[in-house]
Amino acid sequence: MMSYRSLFKSLPHALIALLVVLLLAACTTVQPAAAPADNAAAEPATPKAGGVLIAARGADAKGLDPHVQTAFSSFRALEHIYEPLLRLDADMNVAPGLAESWSWSEDGKTLTMALRQGVTFHDGAPMTAADVKFTFERLLNEETGAAARSFFTAIEAIDTPDDATVVFTLSAPNAAILAAMTNPNSGIMSQTWIEGGADPSAATNGTGPFKLVNWEPDNIMTLEANRAYWEAGVPLLDGIEFRTIPDEASILAALRSGEVDWALINDPRVGMTAATTDLTLMRSPALAYHVLQLNASRPMFEDQRVRLAISCAIDRQQVLDTASLGEGEVTSPATPPNYRAPLDQLECYTQD
């Protein structure tokens, strides 16, 4: 996804590319910054507690069930409401989340998770190992239609020796499963809440720093701070109000006028315009992509040589330069840095 983000009256500069393959993007987050006195280096702004962040975006969430959603616009809100067992830190390393630690058996087929203590769902119920087991059984149930199901099919059994421990038995060693457990699509859900008749597509009950209090589709979504959140000092905000404004030029105008504090913008031209204004931009890495896929079931694409010829004909860097004004990097089909292959080992990644 191509996005520009801005925080507190500043718009981030983000990026991507589109292609017959995945592209690595770079994105920026933003903080308000005052001009440094006497040309001294600017000090990072000190976070302040309180207030409601007014956030504008061009597209609204498409639903509330974190296990079945695939739209980026949905996760911009759901990632504040639901949490997976693990997180990715700023350097893209797997880090503790709802699971405080984990260990592997010598044969790599048993993964033991130690859950964080004192975590509660938004309805006040404690999160336990039973909820984690229920969540992964729901993910693996084909009837759920879970977007992340394929990442977890190596799980053969899930045991809960106590309320704070979950043991996953795998059919074969699978180190990548830890990264999959950072995916928002594997957010932990309450077993008693769902089995009690709740509809996760119409309501939410996560462990995250914010609670959903109101949603008017294609208009406004309102979140309020979860004051029982397990992480000390979080959240700083009292709430977040997402406003859907389809026209991105209008979003930029709202940012500049102070009507909104933060925005997600898809058009890089609007982001470049923001860079010439009084908005402050700060960069940080991000992964995103656009993809052009060829349907091999169509007669014209049945011959692999035809598909390869199309791939050879495309100048990926030119597409990147045109589609996202040069922001981003051409990569191999596996976008995450730890998995991508060198471009010189892939056929036709240089135009021929």
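It should be noted that the structure appears before, not after, this text.
Residues numbered from 1 in each chain as written. Predicted model: local features only at pLDDT ≥ 70, side-chain atom pairs only at ≥ 80, totals over all residues. Heavy atoms only, no water.

Chemist: I would appreciate a short explanation of the state of the cysteines in the present structure.
Modeler: Each disulfide consists of a covalent bond between the sulfur atoms of two cysteine residues. With the rule as written, the count across this model stands at one disulfide. Residue C312 pairs covalently with C348 via a disulfide, S to S 1.6 Å. A torsion of 70 degrees about the S-S bond marks the disulfide between C312 and C348 as right-handed. Taken together, the residues span a long stretch of sequence, with C312 in helix α7 (residues 304-313) and C348 in the segment after β18 (329-330) at a distance of 36 residues. With a relative accessible area of 13%, C348 lands in the buried category. (Disulfide = S-S within 2.5 Å. Helix = DSSP H or I, 4+ residues; strand = E, 2+ residues; numbered from the N terminus. Buried < 20%, exposed > 50% of the residue type's maximum accessible area, 1.4 Å probe, protein only.)

Chemist: Help me out: how do you make sense of the pairing of strand β15 (residues 262-265) in this one?
Modeler: The side chains of a regular strand alternate, residue by residue, between the two faces of the sheet. Burial along β15 is two-sided: W262 and L264 and A263 and I265, pointing in opposite directions, are all buried. Inspection of the sheet shows strand β5 (residues 52-57) paired to β15 by three bridges, in the parallel sense. When the bridges of β15 are listed, A55 appears paired with W262. (Pairing = 2+ DSSP bridges.)

Chemist: Is there a simple way to think about the nonpolar core in this case?
Modeler: A general tendency of soluble globular proteins is for nonpolar side chains to be buried together. Residues L85, M113, F136, F152, I155, F168 and M181 are the most contacted members of the largest nonpolar core, which totals 30 residues. Secondary structure elements with two or more residues in this core: β9 (110-115), α2 (129-140), β10 (155-162), β11 (165-170) and α3 (177-180). The contact partners of M181, leaving out residues within four places of it in the chain, are P84, L85, L86, L111, M113, F136, F152, F168 and S186. In terms of nonpolar packing, the next biggest core, distinct from the first, is built from 22 residues, F134, I240, F242 and W262 among them. (Core = buried A, V, L, I, M, F, W, Y, C linked by side-chain atoms within 4.5 Å. Contact = heavy atoms within 4.5 Å.)

These figures come from the coordinates and say nothing about function on their own.
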